[in-house]
Amino acid sequence: MPGQYYSLGDETERVEFKKSTGEIKEAVISISAILNKHGGGDLYFGVKNNGDVIGQEITDKTTREVSQAIGSHLRPVIYPEITKEIYDGRTVIHVRFEGHTPPYTAYNIPRIRVADEDLVMAQDIYDDMIRMRDDFRKSWERQ
């Protein structure tokens, strides 16, 4: 039926929706926040905040731009799985990501996921994550 959309459900602490790749900066920020809290998640381009799939035109250049934005603005670097998916004839980009070396920063700012928001991380939490990461690396070197 015209006007109706396939729905992927609601955004959660592990799932983020973006209407288009025009929101790539916000997407990278969400990825860092989700990684810092859960270590992985899923992000979709071509989906409204309420989960309705609206789709977008996707070329090889589009997926490359998503990959390059993540690689250029997220630290430490991760290597997400980026795929095209079709729901009711509408094409979306699905980014599945995980990381095991928090804290992650997007555009040099650490964030953390709370409900469906990406909040700036408190300094003490950031410092604790750095210490835990450094302790883990030291223990690995000792083995």
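Just above, that's the structure.
Since the structure is predicted, the reported quantities are computational estimates derived from the model, not experimental observations.

Novice: Can you help me understand the pairing of strand S4 (residues 81–87) in this one?
Specialist: Here is the key point about a regular strand: its side chains alternate between the two faces of the sheet. Here S4 runs beside strand S5 (residues 90–98); their pairing, made up of seven bridges, is antiparallel. Following the sheet pairing, Tyr87 is matched in S5 by Arg90. The turn joining S4 and S5, which pair antiparallel and follow one another in sequence, is formed by two residues; a positive phi near 50° is taken by Asp88.

Novice: Explanation requested: the packing of aromatic side chains in the structure shown.
Specialist: Aromatic rings in a pair are described by how distant their centres are and how their planes are angled relative to each other. If you walk through the whole model with that rule in mind, you get two aromatic pairs. Centre to centre, the rings of Tyr6 and Tyr87 are 5.2 Å apart; their planes meet at 20°, and the pair counts as stacked. With a gap of 81 residues between them, Tyr6 in the segment before strand S1 (15–18) and Tyr87 in strand S4 connect regions that are remote in the sequence. Residue Tyr6 is classed as partly exposed on the basis of its relative accessible area of 37%.

Novice: Which parts of the structure should I look at to understand the pattern of salt bridges?
Specialist: Opposite charge on two side chains permits pairing when their charged atoms draw close. This structure, assessed with the given rule, holds eight salt bridges. Salt-bridge contacts for Arg96 lead to Asp42; the nearest nitrogen and oxygen are separated by 3.1 Å. Linking Arg96 in strand S5 with Asp42 in strand S2 (residues 40–45), this pair joins segments that are 54 residues apart in sequence. The class for Arg96 is partly exposed, based on a relative accessible area of 43%. Its salt-bridge partner being Arg113, residue Asp118 comes within 2.7 Å of it at the nearest N-O pair. The exposure class of Arg113 is buried, given its relative accessible area of 0%. Members of the salt-bridge network, linked through shared partners, are Glu16, Lys18, Arg113 and Asp118.

Novice: Would you mind showing me how to read the nonpolar core here?
Specialist: Taken as a class, soluble globular proteins show a tendency for nonpolar side chains to be buried jointly. Ile31, Ile70, Leu74, Ile78, Val95 and Phe97 are the most contacted members of the largest nonpolar core, which totals 19 residues. Listing elements by their share of this core, those giving two or more residues are helix H1 (24–38), S2, helix H2 (60–73) and S5. At six residues, the largest contribution of residues to this core is made by H1. Leave out the neighbours within four places in its chain, and Ile31 touches Leu43, Ile70, Leu74, Ile78, Val95 and Phe97. Membership of the second largest hydrophobic core comes to seven residues, among which are Val15, Phe17, Tyr44 and Val47.

Basis of the calculations
- Residues numbered from 1 in each chain as written.
- Predicted model: local features only at pLDDT ≥ 70, side-chain atom pairs only at ≥ 80, totals over all residues.
- Heavy atoms only, no water.
- Pairing = 2+ DSSP bridges.
- Helix = DSSP H or I, 4+ residues; strand = E, 2+ residues; numbered from the N terminus.
- Phe/Tyr/Trp six-rings, centres within 6.5 Å; stacked < 30°, edge-to-face > 60°.
- Buried < 20%, exposed > 50% of the residue type's maximum accessible area, 1.4 Å probe, protein only.
- Salt bridge = Lys/Arg side-chain N within 4 Å of Asp/Glu carboxyl O.
- Core = buried A, V, L, I, M, F, W, Y, C linked by side-chain atoms within 4.5 Å.
- Contact = heavy atoms within 4.5 Å.

Everything listed is a geometric property; what it means functionally is a separate question.
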